[in-house]
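Descriptive analysis of the structure
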Amino acid sequence: MPEIIGEFSAVSSSVPPLDAHIGHLRHLTNNRIAKEILRNRHGLSAADATATSKLWASHIGQALNFHFESRSAPETIRPVLQYYCFLNLGVAAILAFRPPNYNQYRRHGVEDKTHALSSLDLSSVVLQVKRGAVPLFHSILSDVPLDGKRFRLGQLAAGFHMFSHELQARFSKIPQHYFVKDEVREDGGSWYSVFSFSQPEDTTLKKVSPSRIEAAMPLLLSNYNCCVTDEATEYISSASWSTESAARRVHQANGIKLVNYGGHSVHSNFMGSAYTSYAWRGVSRIALMPTLSCTLLLSFSLASVVRYRPMLLDSAMRSPVSLLIATFVAEVDSVFIPALRNLLYREELAVSPPNYI
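Criteria and thresholds
- Residues numbered from 1 in each chain as written.
- Predicted model: local features only at pLDDT ≥ 70, side-chain atom pairs only at ≥ 80, totals over all residues.
- Heavy atoms only, no water.
- Helix = DSSP H or I, 4+ residues; strand = E, 2+ residues; numbered from the N terminus.
- Salt bridge = Lys/Arg side-chain N within 4 Å of Asp/Glu carboxyl O.
- Buried < 20%, exposed > 50% of the residue type's maximum accessible area, 1.4 Å probe, protein only.
- Core = buried A, V, L, I, M, F, W, Y, C linked by side-chain atoms within 4.5 Å.
- Contact = heavy atoms within 4.5 Å.

**Things to note about unusual backbone geometry**
The residue serine 172 is not glycine, and still its phi comes out positive at about 60°. Of note in this structure, arginine 285 is not a glycine but carries a positive phi near 70°. Among the structural elements, arginine 285 can be located in the loop between β10 (274-283) and α11 (291-308).

Listed below in structure tokens is the structure:
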């Protein structure tokens, strides 16, 4: 069965990469294609795929409609349309991956907490997580529950890697990068799942803490053994398998919650082949969270401010936070939409200009 963690491929296109991903998503609005993908790539039974395909295709189609309208909307309106695009794609992911209690997706699962604010800064409490679509989407990417948690703007901003420069230059925050390498390794005739975490060589920060990693990825604490070396913090699965294919099935299933899918980068080597650079990105002393979870939560918060708090929005647009709002509005589509395209197709694919490969 195709998975997210594994072989990476690239295709060239004469249209911008984001538009190419959108074109691929448009195919999933066809009920026949939706049924095929749900059956063959997400493992739904024939009956479940048939029952789900029309709803799945409708959510994807509505997401694309919101995205199309958002492109011509002004900066102070666009976050609302972006959020509803992302929410519909998130619901499509929930319907396909089916985390526990997935039928609770019919509610947002987030409560706006900005009603009492007169100004917006990184310390502002902006939302509280309830039960619904947003935490369900997060559960696909993480085993750390969000229900009941309140979040400050700075906590959400820390997980959106396109803010790294702004947070450091304008808000004096210390960004941290934790690169992830994954492999299925043979040792003594047995196969193991391995994930290793390291920081950039030129970093001036202290060595990555295993406890910081494990707090964000409890699967490492329960199912892996930690080995700290000078180069990296390595986690080797407690269990072993007699064949590479058996180990790889578990490795791929665990990987989606360990590599920070959506926060990774795509590169090409000297031969032009595409490869990924997985990384967890955050800010010192703020708990790590998956990029896509932070993106959806932050999108909800900005949409709420735009829709319900015009005075707060006016104040924010005259403050340093306006830099974050502008960056988010400009960059978020190219982060969230391609990642969701790959989640829904359950394959790793990059789209690049013709001279890239």
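**What about the pattern of salt bridges?**
If you walk through the whole model with that rule in mind, you get 12 salt bridges. Measuring nitrogen to oxygen at the nearest pair gives 2.8 Å for the salt bridge that ties arginine 78 to aspartate 333. Remark: aspartate 333 occurs in helix α13 (residues 321-345) and arginine 78 occurs in helix α4 (residues 78-97); sequence separation between them is 255 residues. You can call arginine 78 buried: its relative accessible area is 16%. Note that lysine 130 and glutamate 111 form a salt bridge whose closest N and O atoms lie 3.3 Å from each other. In this pair, lysine 130 is assigned in the loop between β3 (125-129) and α5 (133-141) and glutamate 111 in strand β2 (residues 110-112), connecting sequence segments 19 residues apart.

**A short note on the nonpolar core**
One broad trend across soluble globular proteins is that nonpolar side chains are buried collectively. Counting residues in hydrophobic clusters, the biggest one holds 100 residues, and the most contacted among them are Trp56, Phe137 and Leu297. The greatest single-element share of this core, amounting to 14 residues, is contributed by α13. Not counting the four nearest positions on each side in its chain, leucine 297 is found in contact with Val110, Leu127, Val129, Val134, Leu146, Phe151, Leu156 and Met289. Residues Trp191, Trp241, Ala246 and Ala247 belong to the second largest nonpolar core, which totals five residues.

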